[in-house]
2 protein chains.
Amino acid sequence: MLQALELSQATRLINHGPVVMVSAKAGGVENVMSAAWACALDYAPARVTVVLDKGAFTRGLLEQSGWFALQVPLAAQAETVLAVGSQSRKNNPAKLGDCGVKLFYQAGFDVPLVQGCGAYLICRLLPEPHNQQTYDLFIGEVAAVWADDRVYADGRWLFDSVPDELKTLHYVGNGLFYRTGKGLKVG
Amino acid sequence: MLQALELSQATRLINHGPVVMVSAKAGGVENVMSAAWACALDYAPARVTVVLDKGAFTRGLLEQSGWFALQVPLAAQAETVLAVGSQSRKNNPAKLGDCGVKLFYQAGFDVPLVQGCGAYLICRLLPEPHNQQTYDLFIGEVAAVWADDRVYADGRWLFDSVPDELKTLHYVGNGLFYRTGKGLKVG
């Protein structure tokens, strides 16, 4: 079940470098893409960066609406992550259905979210035209955060106790992911 | 043994979201810090981002010299990663020795590198004063890349066959890391 988290926990959800899915909506049109190049930027206010190619359909949606979501998929969703990262809605308007993506919304936010992910960050775009044009780099301020209590509870990921299909994913390229592995506590 | 790689492979070394160590040198002074918030930014030219707090001693060094390195530590180095990420050279000029860091240099680059890491990216700072001041966000263009052939060979990481201590690390916080886990190939 999804649990709302304090914004102070937002960066922890992506701190370990998982691949994410990026979603946005504008003019009634929804889309989702994958991105390996997303990163925490600040704790308070909670901010994130994500790199979105100029050819990405989703980029246009978040530029129009000023809102997007980062969501952290689980290993069970690896095929979907690769599919929404490989296809473009520019070529296939039925992309989301073809990729098996089911969307939902959280109250108060007109930002589509992908069912089945481990964590969700809804973000307001902080417009930085130079970064966006020169580097395809987008900055978001986190407005709301949820995590699935199967994989995240009491302020921490549960990767040492969940089965493989509930681990998060780290993308390498060419369809190869690594699952988040064993914990290592220092100090 | 370290093998020089084509610059086109630079992003692959950090694509899976590992914690990195950031090193720099200016005026004869060397330092190293850890950073979980480093990310690929572009393939060609190969570029990376890294977030460096205004209090970080290493930040001053790379601002002065215009050069820095990102290096990808292995699990065997977890204590060092935490130590150089927790202490500041501002308070302890003997930080590197106290943390057990041994540096080396590659020919042609006056940028210190930490012995024992899995991969190295030497980067030229692309000055972006607005990003640096407002977001503590630094952009580097990759000038040279090496990887240790115990963990990376023939253009790919070897995480499915290396022992635990040679896996890369994903930092969560409070001294907790996750090692890179099992591979998952889709398609």
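Residues numbered from 1 in each chain as written. Chains lettered and ligands numbered in written order. Predicted model: local features only at pLDDT ≥ 70, side-chain atom pairs only at ≥ 80, totals over all residues. Heavy atoms only, no water.

Regarding helix α2 (residues 57–65) of chain B
All names here are of chain B.
Working step 1: Buried within α2 we find Thr58, Arg59, Leu61 and Leu62. End-on, the buried residues of α2 take up no more than an arc of 160°, which puts them together on one face.
Working step 2: Contacts made by the buried residues of α2 are with β2 (20–26), β3 (29–35), β6 (67–72), β9 (119–126), α5 (129–135) and β10 (137–148).
Working step 3: Just past α2, the residue Gly66 takes up positive phi, approximately 75°. (Buried < 20%, exposed > 50% of the residue type's maximum accessible area, 1.4 Å probe, protein only. Helix = DSSP H or I, 4+ residues; strand = E, 2+ residues; numbered from the N terminus. Arc of directions from axis to C-beta. Contact = heavy atoms within 4.5 Å.)

Here's the deal with the pattern of salt bridges
Working step 1: Under the definition given, this model contains 20 salt bridges over all chains.
Working step 2: Of the charged contacts, one joins B:Arg59 and B:Asp136 as a salt bridge, the two residues approaching to 2.8 Å between their closest N and O atoms. On the criterion of sequence distance, the pair formed by B:Arg59 in helix α2 and B:Asp136 in the loop between α5 and β10 is long-range, its members being 77 residues apart.
Working step 3: For B:Arg59, a relative accessible area of 4% puts it in the buried group.
Working step 4: Here B:Asp164 ties to B:Arg179 by a salt bridge, and the two come within 3.9 Å at their closest N and O atoms. One end of the pair, B:Asp164, is in the loop between β12 (156–157) and β13 (169–173); the other, B:Arg179, is in strand β14 (residues 176–185), with 15 residues separating them in the sequence.
Working step 5: The exposure class assigned to B:Arg179 is buried, which follows from its relative accessible area of 13%.
Working step 6: What you see here is one network of salt bridges that share partners, running through A:Lys54, A:Arg59, A:Glu63 and A:Asp136. (Salt bridge = Lys/Arg side-chain N within 4 Å of Asp/Glu carboxyl O.)

Observations concerning unusual backbone geometry
In terms of backbone geometry, most residues other than glycine have negative phi values and most peptide bonds are trans.
Working step 1: That bond from A:Ala44 to A:Pro45 is cis: its omega, 0°, falls within 30 degrees of zero.
Working step 2: Secondary-structure assignment places A:Pro45 in the loop between β4 (38–42) and β5 (47–51).
Working step 3: Not every positive phi belongs to a glycine, and B:Asp154 is a case in point at roughly 55°.
Working step 4: Relative accessible area serves as the criterion here: at 79%, B:Asp154 is assigned to the exposed category.
Working step 5: Of note in the backbone geometry, B:Asn174 takes a positive phi value of approximately 55° without being a glycine.
Working step 6: Counting through the fold element by element, B:Asn174 comes out in the loop between β13 and β14.

Examining the UniProt feature "domain: Flavin reductase like" (unreviewed entry) in chain A
Working step 1: Per the UniProt record, "domain: Flavin reductase like" (unreviewed entry) is found at residues 12–154 of chain A.
Working step 2: Secondary structure across residues 12–154 of chain A divides into 22% helix and 39% strand, with the first and last C-alpha atoms of the span separated by 12 Å. (UniProt positions renumbered as here; feature names shortened; annotations may be inferred.)

A few points about the interface of chain A and chain B
How big an interface is tends to be expressed through the accessible area that disappears when the partners come together.
Working step 1: Each partner contributes residues to the interface: chain A has 48 residues there, and chain B has 48 residues.
Working step 2: Summing both partners gives a buried area of about 4,400 Å² for chain A against chain B, and 57% of it is carried by carbon and sulfur.
Working step 3: When the buried surface of chain A facing chain B is broken down by residue, A:Trp37, A:Tyr178 and A:Leu184 rank first, second and third, together holding 18% of it.
Working step 4: Between chain A and chain B we count two salt bridges in total.
Working step 5: One salt bridge in this structure joins B:Lys182 and A:Asp164, with 2.8 Å as the shortest N-O distance.
Working step 6: Across the contact surface, chain A and chain B share 30 residue pairs in polar contact (both at pLDDT 80 or more). (Buried area = accessible area lost by both parts, 1.4 Å probe. Polar contact = N/O pair within 3.5 Å; in protein donor to acceptor, adjacent residues only side chain to side chain.)

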